[in-house]
Amino acid sequence: MAHAHGYAVKDAQSPLVPFQFERREPGPHDVCIDILYCGICHSDLHQARDDWSNSLYPMVPGHEIVGRVTAVGAHVKKYKVGDLAGVGCMVDSCRHCSACAADLEQYCEEGATWTYNGTERNSDQLTFGGYSDHIVVEEHFVVKVPENLDLKAVAPLLCAGITTYSPLRYVKAGPGQKIGVIGLGGLGHMGVKFAKAMGAHVVMITTSPDKGKDAKRLGADEILVSRDPADMHKHANSFDFLLNTIPVGHDVNPYLGLLKLDGKMGMVGVLTPIDPVIGGNLIFGRKSLFGSGIGGMAETQEMLDFCGQHNIVADVEMVSIKDVNQAWHRMEKNDVRYRFVIDMATLG
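My aim in this report is to walk through the structure given alongside it, one point at a time. Since the structure is predicted, the reported quantities are computational estimates derived from the model, not experimental observations. (Residues numbered from 1 in each chain as written. Predicted model: local features only at pLDDT ≥ 70, side-chain atom pairs only at ≥ 80, totals over all residues. Heavy atoms only, no water.)

Further remarks concern unusual backbone geometry. Cis rather than trans, the peptide bond between Tyr 57 and Pro 58 has omega equal to -5°. Of note, Pro 58 is situated in the loop between helix H1 (42-48) and strand E4 (65-72). Backbone geometry places Ile 294, a non-glycine residue, at a positive phi of 30°. Along the polypeptide, Ile 294 turns up in the loop between strand E15 (288-291) and helix H10 (297-310). Residue classification places Ile 294 among the buried residues on the basis of a relative accessible area of 13%. The residue Asn 311 is not glycine, and still its phi comes out positive at about 55°. Judged by its relative accessible area of 54%, Asn 311 is exposed. (Helix = DSSP H or I, 4+ residues; strand = E, 2+ residues; numbered from the N terminus. Buried < 20%, exposed > 50% of the residue type's maximum accessible area, 1.4 Å probe, protein only.)

This is the structure in structure tokens:
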């Protein structure tokens, strides 16, 4: 075992504090990565506060990890010492179910092994995430980071990026399509960037007209204010796809009215109950409502390569590890444009 240090929460009421722990030495198929940057995801806060009633303590959060490879196992083929590498939301899966065979490890029928707040497969050892100095991950669950991108702004791509890229690829977003992104936050700002780079006509859908200027800076062609009945009527029955990033329960029925025949809405933000869906809003127009969670490892690598080709990164605000509790407090108030990233050099 190798000594590691980072920041952890000890229970649902405690703040993040310095924490010493052990990681395994790299096995024959493992990659060891010194962590340079780790993004802060809203799910870090939910898990730390046990909002989903599944939290394991002590917990070292963080699943948006970028760093440099410092050691590789004897059978590792894709990585060498010095390579830039990333780790996202999962670090293992069963490898043999139908989902894993289809490169959809996030939907592993036996349950994916999450980067933190989980246990390693065939072990009761807790998984510890990226608010730490290094991480050891099996090669299959490591991705290559393009050298041309701003590393600190790459970190959120490992969660917010793939969460929005995957459903856009699923619906084959591209030229000739009208795509709406509902909600301009950590997920929504990435959705706008991706949809625009894929060649779609992008409409930012928001309750706040004052977000319009920034949405256009990010690449939106139009702004739709969802609280404006006239604006909603003007866009009725016109969208091929809606990427819904709203993180709390809400009424989806008005948004379904924006979809054209065979239009689809993908939910990526809300894990809690949503208001009842009126069946007629789906039936009359053969519309679809589906959910999407992150992406498999092959698609995550594809997303990073796409970002390298199109120079796409997240809009980030850097924080020191000692200020992470304040960053969490600001995140609770949606006071960030659009993702916090920890400079892990400040861990010392």
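All right, on to the sheet that holds strand E14 (residues 259-267) then. Spatial strand order, E12-E11-E10-E13-E14-E15: six strands in an open sheet with parallel pairing. At either margin of the open sheet sits one strand with a lone partner, and together these are strand E12 (222-225) and E15. Going across the sheet, the axis of each strand differs from the next one's by a mean of 20°, ignoring polarity. Looking at chain direction, strand E13 (residues 239-244) and E14 are connected through five bridges and run parallel. Looking at the pairing, Phe 239 lines up with Leu 259 of E14. (Pairing = 2+ DSSP bridges. Axes fitted to C-alpha atoms, helices over the stretch in contact; angles between N-to-C directions.)

For the rest of this paragraph, the subject is the pattern of salt bridges. A complete count under the given rule lists 20 salt bridges for this structure. Close ionic contact of Asp 221 with Lys 196 constitutes a salt bridge, the shortest N to O distance being 2.7 Å. In this pair, Asp 221 is assigned in the loop between helix H6 (212-218) and E12 and Lys 196 in helix H5 (residues 188-197), connecting sequence segments 25 residues apart. Given the relative accessible area of 36%, Lys 196 is considered partly exposed. Put simply, Asp 315 and Arg 217 hold a salt bridge, and the shortest N to O gap is 2.7 Å. Of this pair, Asp 315 sits in the loop between H10 and strand E16 (316-320) while Arg 217 is found in helix H6, placing the two residues 98 residues apart along the sequence. In the salt-bridge network here, residues are joined through shared partners; they are Lys 193, Asp 214, Arg 217, Asp 315 and Arg 337. (Salt bridge = Lys/Arg side-chain N within 4 Å of Asp/Glu carboxyl O.)

A regular strand carries its side chains on alternate faces of the sheet. Bridge count for strand E3 (residues 30-40) against E4 is seven bridges, and the pairing is antiparallel. In the sheet register, Asp 34 faces E4, and the bridge partner there is Arg 68. Bridge analysis of E4 against strand E5 (residues 84-87) gives four bridges, and the strand direction is antiparallel. For Val 66, the partnering residue across the bridge sits in E5 and is Gly 86.

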